[in-house]
Amino acid sequence: MPLTPLRISRQSELDLQTVSEQPPERLRDAYSRLAASKDHIISPKAVRGILEQSLAPDVVSVLMRQLIGLRAYIDQYRASVPDAMAALSLGIEEKKWTEERYRNWNSISSIFEQFLSLDNIVTTAKALELSFDFEHTLTDVKILTDIRPVYSPDRDKIIGGIICNRLRFKYRDEDGDKSISLAIDKDDIEQLQKMCAEARTKIELASNLLKSGGLPTFISGEGHE
Amino acid sequence: MTLVEAYAGADRDGPSQRALRIYKGGPTQKKGAPVRLSQDIGHDYLSVALLRKLNKELPSQRDRKFAAHFAKLDALLVDRNWDGCNEPPSALALNRARAVLHQLRADGLEPTRIVSSTEGGVAICFIRGKIYSDIECLNSEEILGVVSNRRDAPVVWEIDPSASGFARAAQRIREFLGETSDAYDAERKIG
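Please read these numbers as outputs of a predicted model, since none were measured by experiment. (Residues numbered from 1 in each chain as written. Chains lettered and ligands numbered in written order. Predicted model: local features only at pLDDT ≥ 70, side-chain atom pairs only at ≥ 80, totals over all residues. Heavy atoms only, no water.)

**So, the overall build of chain B**
As a reminder of what qualifies: A run of H or I in DSSP becomes a helix once it reaches four residues, and a run of E becomes a strand once it reaches two; helices and strands are each numbered from the N terminus. Residue contacts are defined here by distance: any two heavy atoms, one from each residue, within 4.5 Å place the two residues in contact. Shrake-Rupley sampling with a 1.4 Å probe provides the accessible areas, and residues are treated as covered by the protein chains on show and by no other component.
A tally of regular secondary structure across chain B gives seven helices and five strands. In sequence order, the secondary structure elements of chain B are arranged as α-α-α-α-α-β-β-β-β-β-α-α. Excluding contacts between residues fewer than 6 apart, the proportion of contacts in chain B whose partners are at least 24 apart in sequence is 44%. Of the roughly 10200 Å² that chain B leaves accessible, carbon and sulfur atoms contribute 52%.

Following this line, the structure appears as structure tokens:
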């Protein structure tokens, strides 16, 4: 089957341009540092910490976005890294970049390919994928507080108000974005607050347990702390 | 020479050359192995769900810098242990300060710190050497902008409580501080 050019969105195109503008020696240095890490790494935050020793923080975010995105593609289609690189290069070719941009890309593409094969990138991409491999994933949550007016028996004036709350979830599944609202009262909110505090404690305990066994941890969502 | 040829040419007998042969129609996959390389995962190899997760796990430098300021606002909301001298910030003042902070993040203008205002409310402060500026979201429902070079009398103006009002205030403060709007864009370049 012929190799199909990878479709590249505008954001990915800008990301790839940013990566290709980096001096090859800096990328090589970042690669060497990550490859030299003795520990198994499964956390994007940990990878970022190592790469930021060689590259600017926003370049690291861009590079990791592309590496993890391409690893997801490789894993999903069971493609080899060289095949994925060739498909990516075909996709880039369709972008009609300037000669200089092509030259830049060519100067770093072999390092980029090495990154894609690096164990710490492979395991981090896999861990990230597993961290949100659920039927439904939460995208936003908020509590909306309303006042419902209570009218007089004659309906000619407002004699009071009921304060009520809605817990509104926005979530995503295979069909796209959806939402659901649940009525909750003050007691439910206090219960939720308690449950959240307990969940944070449980996360810490689970993380400490893994660390005490010498195993790397990735707490889903830790990058946003 | 095409880009793929250039890419494959760097490694004539290696795996890249094999990829080029696949592109040209040569059968190189093992029998029975999946060879599907066409895409059906949305608009890109980065699916919407993965992109969303990545943006959360790998926040930009700008988001990371502003996270502490948003956390301070959260702390002001929760902390009700006031010393009795200052009036705690009202919910409206905190919400407006949050809206201002979102505008500042979008504009890449990072404050120095966020404090409760002695006049009752929230002050978002900018200090650059001897130059001082702030945006005060007050419990009195006013939003004030202040710029001062610490020599002359401070200049104070009222800020319209709207997105455009916040954007204009951010621009005025940026100009006063002598910062350019593309400072953050430069961070994407070589560090």
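Now that the structure has been shown, the text picks up again.
**Considering the overall build of chain A**
Going by this rule: Only protein chains enter the accessibility calculation, which uses a 1.4 Å probe. A residue is then buried if its area is under 20% of the maximum for its type, exposed if over 50%, and partly exposed in between.
Looking only at helices and strands, chain A has eight helices and three strands in total. Across the 225 residues of chain A, 40% fall into the buried class. Partitioning the contacts of chain A with sequence separation of at least 6, the portion at a separation of at least 24 is 61%. Of the roughly 12700 Å² that chain A leaves accessible, carbon and sulfur atoms contribute 52%.

**Quick look at the nonpolar core**
Note the following rule: Residues belong to a common nonpolar core when they are buried Ala, Val, Leu, Ile, Met, Phe, Trp, Tyr or Cys residues joined through side-chain atoms within 4.5 Å.
Counting 56 residues, the largest nonpolar core has A:L88, A:F112 and A:F115 as the members making the most contacts within it. If you list the elements that add at least two residues to this core, you get α1 (10–20), α2 (24–36), α3 (44–51), α4 (57–77), α5 (81–93), α6 (99–117) and α7 (119–131) of chain A together with α3 (48–57) of chain B. It is α4(A) that contributes the most residues to this core, 12 residues altogether. When neighbours within four sequence positions are excluded, A:F112 is seen to be in contact with A:L16, A:V19, A:L63, A:Q66, A:L67, A:L70, A:M85, A:L88 and A:W105. Counting 25 residues, the second largest nonpolar core, distinct from the first, contains B:F66, B:L109, B:F126 and B:V147.

**Structural notes on the sheet that holds strand β1 (residues 113–116) of chain B**
All names here are of chain B. Definition in use: At least two DSSP bridges between two strands are needed for those strands to be called paired. Every angle, taken between N-to-C directions, lies between 0 and 180 degrees, and every axis is a line fitted to C-alpha atoms, over only the stretch in contact when it is a helix.
If you trace the five strands from one edge of the open sheet to the other, you get β1-β2-β3-β4-β5, paired in antiparallel fashion. Looking at strand neighbours, the two that pair on one side only are β1 and β5 (155–158), the edges of this open sheet. Neighbour-to-neighbour, the strand axes of the sheet open up by a mean angle of 20°, direction not taken into account. Relative to β1, helix α4 (residues 61–78) is tilted by about 10°, and along the sheet it contacts β1 and β2 (121–128). Sheet contacts for helix α5 (residues 91–107): β1, β2, β3 (131–138) and β4 (143–148); angle to β2, the most-contacted strand, approximately 30°.

**Looking at the pattern of salt bridges**
Defined as follows: Salt-bridge detection follows one rule: a side-chain nitrogen of Lys or Arg within 4 Å of a carboxyl oxygen of Asp or Glu.
Taken as a whole and judged by the stated rule, the model has 14 salt bridges over all chains. A salt bridge links B:D74 to B:R98; the shortest N-O distance between them is 2.4 Å. One end of the pair, B:D74, is in helix α4; the other, B:R98, is in helix α5, and 24 residues separate them in sequence. Salt bridges here are not isolated pairs; linked through shared partners, they connect A:R172, A:D177 and B:R52.

**Re the packing of aromatic side chains**
Residues and elements named next belong to chain A. We count it as follows: Pairing of aromatic side chains requires ring centres within 6.5 Å, counting the rings of Phe and Tyr and the six-membered ring of Trp. Pairs whose planes differ by under 30 degrees are stacked, by over 60 edge-to-face, and all others tilted.
Under the definition given, this model contains four aromatic pairs over all chains. Consider the rings of Y73 and Y77, whose centres lie 5.2 Å apart with planes at 55°: the pair is tilted. Of the two residues, Y73 and Y77 both sit in helix α4, four residues apart, roughly one turn of that helix. We note that Y73, like Y77, is buried.

**Overview of unusual backbone geometry**
Across the chain, the bulk of peptide bonds are trans and the bulk of non-glycine residues have phi less than zero. All names here are of chain A. One non-glycine residue with positive phi stands out, namely R78, at about 50°. The residue R78 is located in the loop between α4 and α5 in this model. A residue is classified by how much of its surface remains accessible, and R78, at 64% relative accessible area, is exposed.

**Remarks on the environment of B:A123**
Residue and element names in this part refer to chain B. Its place among the elements puts A123 in strand β2. Residue classification places A123 among the buried positions, given a relative accessible area of 5%. In this structure, the C-alpha to C-alpha distance between A123 and D134, residues 11 residues apart in sequence, is 6.4 Å. Setting aside residues no more than four positions away along its own chain, A123 makes contact with R113, I114, V115, S117, I135 and E136.

**Quick look at a negative patch on the surface**
All names here are of chain B. As a reminder, the rule being used: The patch calculation keeps residues exceeding 30% relative accessible area without a salt bridge and links them within 9 Å when they carry like charges or within 5 Å when they are nonpolar (Val, Leu, Ile, Met, Phe, Trp, Tyr). Charged residues are defined here as Lys and Arg on the positive side and Asp and Glu on the negative side; His and the ends of the chain fall outside this count. Lys charges are placed at NZ, Arg charges at CZ, Asp charges at CG and Glu charges at CD.
Side chains of E119, E142, E158 and D160 sit close together on the surface and give a patch of like negative charge. The topology assignment puts E142 in the loop between β3 and β4. Judged by relative accessible area, E142 falls into the partly exposed class, the value being 33%.

**A look at α5(A)**
Residue and element names in this part refer to chain A. Here is the rule: The length a helix should cover is 1.5 Å for every residue beyond the first. Here a polar contact is recorded for every N or O atom pair within 3.5 Å, except that within protein the pair must consist of a potential hydrogen donor and a potential acceptor, and residues adjacent in sequence are included only if both atoms are side-chain atoms.
Counted at 1.5 Å a residue, the expected span for α5 with its 13 residues is 18 Å, and the 18 Å between its end C-alpha atoms agrees. Taken across its 13 residues, α5 has 12 buried, putting it largely inside the fold. Residues of α5 that are buried include every one of V81, P82, D83, A84, M85, A86, A87, L88, S89, L90, G91 and I92, and no others. Two or three places before D83, at the opening of α5, S80 has a side-chain oxygen 3.1 Å from that residue's backbone nitrogen.

**Examining helix α6 (residues 163–177) of chain B**
Because the α-helix completes a turn every 3.6 residues, residues three or four places apart line up on one side. Residues and elements named next belong to chain B. In a regular helix each residue adds 1.5 Å, so 15 residues correspond to 21 Å; α6 covers 21 Å between its end C-alpha atoms and thus fits that length. If you check which residues of α6 are buried, you get G165, F166, A169, A170, I173, R174 and L177. Looking at the buried residues of α6, the elements they touch are α5, β2, β3, β4 and β5.

**Things to note about the packing of α2(A) against α3(A)**
Residue and element names in this part refer to chain A. Test applied: Oblique is the label for any angle not covered by the other classes, which are roughly parallel (under 35 degrees), roughly antiparallel (over 145) and roughly perpendicular (65 to 115). By definition, turning the near helix anticlockwise from the far helix through less than a right angle yields a left-handed crossing, and turning it clockwise yields a right-handed one.
For the pair α2 and α3, interaxial distance at closest approach is 9 Å and the crossing angle is 130°. Relative to α3, α2 is oriented oblique. Along this stretch, α2 crosses α3, giving a crossing that reads as right-handed. Side by side, α2 and α3 meet where A30, R33 and L34 of the first sit next to V47, I50 and L51 of the second.

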